[in-house]
Amino acid sequence: MIFRLALLVIVGLTLSLPGRAVETLRVLTWPGYADSDLVQAFEKKFDVRVVVSYVGSDDVLRQKISANRGGDFDVFAANTAEMQHYIDQKLVVPLQLSNIPNTANQLPRFRNSESIPGITRLGDVYAVPYTYSEMGLIFDRKQFKEAPTSLAAMWDPKYRGSVLAFDTSSHNFSIASLVLAGEPFRIEDKNFRRVANHLIALRRNVLTFYTLPEESVELFRRHSVALMFANYGKQQLKLLRDAGVDVGYAIPVEGALAWLDCWAVTRGAKNKNLAERWINYMLDNKVSSELTRRQGLSNTIEADTATRETDKIIWLQPVEDDKRRAALWGRIISGDLPGRF
């Protein structure tokens, strides 16, 4: 009897205790990188909770990571050109690759961290490649008899009000400079006014500037868009084709900017080991394959045979002055006139 009473007391005390605190992983990433079912599988495997937040541009990503010195998120995805900023500002920490064993399954060019500009510093590895794509041109086959060959088609008055562009400062200055036969990542002071004026002309020619891939698909369909600068590359191409839109994809003669997104851990991560487990999980063969199957993006595990050897691909690099580009872009998008630059 005494034993039974004691057992009842223990059970009662156990039930009265507050619920066990479940550890939370805070992820900041891009649309399509962390689908709910894949997140749930990670939560179940490691008995944790994952809170995923999304961004639509590099500028917003910087704001969110910098807001609290990296303290608002544990792990995030950014391209290699942007990663150098986070390393410079000490917003990320070196990774322990022994905690990310799936890196051994990556293609050789992604396993050699030192060969990838922007993800290492003084022998330490700060980011692991996850996915990549070039930023080509998506066009409506009904409005183009032949595929567009140049970025200049975005400025063609023939398509005024039927062009979609991406709302970001860095890439837009780069493509405008390319159209003007300049360097994409190193615009000289004497050429900034000319490039800015060309972007003002683009603003006047486009329907609007989108931020998210799903938004671009909806705009493309609703407004019978003729041409779109595909910041998300083949991800947008797949979304449009899945929606039944007859579109083509072209790499312009000037070359296509291309990004390589990587996972990194913030300085403010509450549990670095858990964040590294997330990165390792994202590099699982099945998870990486699902990214390609669902989003149309290339992963770092399987070879991509879609890109032709003759296509000119321009990997992103840090720009000459990102703050200047962002400030000027803010004025351009708000409607400033050319004479004020």
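Residues numbered from 1 in each chain as written. Predicted model: local features only at pLDDT ≥ 70, side-chain atom pairs only at ≥ 80, totals over all residues. Heavy atoms only, no water.

Undergrad: Tell me about the overall build of the chain, and name the residues and values.
TA: Secondary structure assignment for the chain yields twelve helices and 14 strands. The principal-axis extents of the C-alpha atoms in the chain amount to approximately 90 × 45 × 40 Å. The 341 residues of the chain split such that 52% are buried. Sequence-distant contacts, at least 24 apart, represent 77% of the contacts inside the chain between residues at least 6 apart. Accessible area of the chain: about 16400 Å², with a carbon and sulfur share of 51%. Distance from the positive charge centre (43 side chains) to the negative charge centre (39 side chains) of the chain: 2 Å. (Helix = DSSP H or I, 4+ residues; strand = E, 2+ residues; numbered from the N terminus. Buried < 20%, exposed > 50% of the residue type's maximum accessible area, 1.4 Å probe, protein only. Contact = heavy atoms within 4.5 Å. Areas by Shrake-Rupley, 256 points an atom, 1.4 Å probe, with all protein chains shown as cover. Lys, Arg positive; Asp, Glu negative; His and termini not counted. Charge placed at Lys NZ, Arg CZ, Asp CG, Glu CD.)

Undergrad: Account for helix α3 (residues 58–66), with residues named and values stated.
TA: Three or more residues of α3 are buried, namely Asp58, Leu61, Arg62 and Ile65. Seen end-on, α3 carries its buried residues on one side only, within an arc spanning 100 degrees. On the buried face of α3, the contacting elements are β1 (24–29), β3 (75–79), α4 (80–88), α6 (169–179) and α12 (322–334). (Arc of directions from axis to C-beta.)

Undergrad: How would you explain the pattern of salt bridges if you had to name every residue and give the values?
TA: Scanning all chains against the criterion turns up 16 salt bridges. Overlapping salt bridges, with partners in common, bring together Asp35, Asp37, Glu290, Arg293 and Arg294 in one network. (Salt bridge = Lys/Arg side-chain N within 4 Å of Asp/Glu carboxyl O.)

Undergrad: With reference to specific residues and values, describe the side chain of Glu82.
TA: Within the fold, Glu82 resides in helix α4. In this structure the side chain of Glu82 is engaged in a polar contact, spanning 2.7 Å, whose partner is the side chain of Arg62. With near-sequence residues (within four places) excluded, Glu82 lies in contact with Asp58 and Arg62. (Polar contact = N/O pair within 3.5 Å; in protein donor to acceptor, adjacent residues only side chain to side chain.)

Undergrad: Talk me through the packing of α3 against α4; I want residue IDs and the actual numbers.
TA: For the pair α3 and α4, interaxial distance at closest approach is 12 Å and the crossing angle is 25 degrees. Classified by the angle their axes make, α3 and α4 are roughly parallel. Crossing geometry of α3 relative to α4 is assigned as right-handed. Between α3 and α4, the contacting residues are Asp58, Leu61, Arg62, Ile65 and Ser66 on the first element and Glu82, His85 and Tyr86 on the second. Taken together, the residues of the contact of α3 with α4 sort by class into three nonpolar, two polar and three charged. (Axes fitted to C-alpha atoms, helices over the stretch in contact; angles between N-to-C directions. Parallel < 35°, antiparallel > 145°, perpendicular 65-115°, else oblique. Left-handed = near helix turned anticlockwise from the far one by under 90°. Nonpolar A, V, L, I, M, F, W, Y, C, P; charged D, E, K, R; others polar.)

Undergrad: Tell me about the packing of aromatic side chains, and please be specific about residues and values.
TA: Scanning all chains against the criterion turns up 17 aromatic pairs. Ring geometry for Trp30 against Tyr232: centres 6.4 Å apart, planes inclined by 65 degrees, an arrangement best described as edge-to-face. With a gap of 202 residues between them, Trp30 in the loop between β1 and α2 (36–46) and Tyr232 in the loop between β10 (227–229) and α9 (234–242) connect regions that are remote in the sequence. The residues Trp30 and Tyr232 share a single accessibility class, namely buried. Seen in terms of ring centroids, Phe76 and Tyr86 are 5.0 Å apart; in terms of plane orientation they differ by 70 degrees. Their pairing is edge-to-face. With Phe76 in strand β3 and Tyr86 in helix α4, this residue pair connects regions lying ten residues apart in the sequence. The buried category is assigned to Phe76, whose relative accessible area is 0%. A connected cluster of aromatic rings, assembled from ring pairs, spans Tyr33, Phe42, Phe46, Tyr130, Trp263, Trp278 and Tyr281. Here Arg324 stacks its cationic end above the ring of Phe192, 3.9 Å away from the centre of that ring. (Phe/Tyr/Trp six-rings, centres within 6.5 Å; stacked < 30°, edge-to-face > 60°. Lys NZ or Arg CZ within 6 Å of the ring centre and 35° of its normal.)

Undergrad: Go over the side chain of Ser298 with me, naming the residues and quoting the values.
TA: Structurally, Ser298 is set in strand β13 (residues 298–299). Those residues in contact with Ser298 that lie beyond four places of it in its chain are Tyr130, Thr131, Tyr132, Leu291, Thr292 and Asp304.

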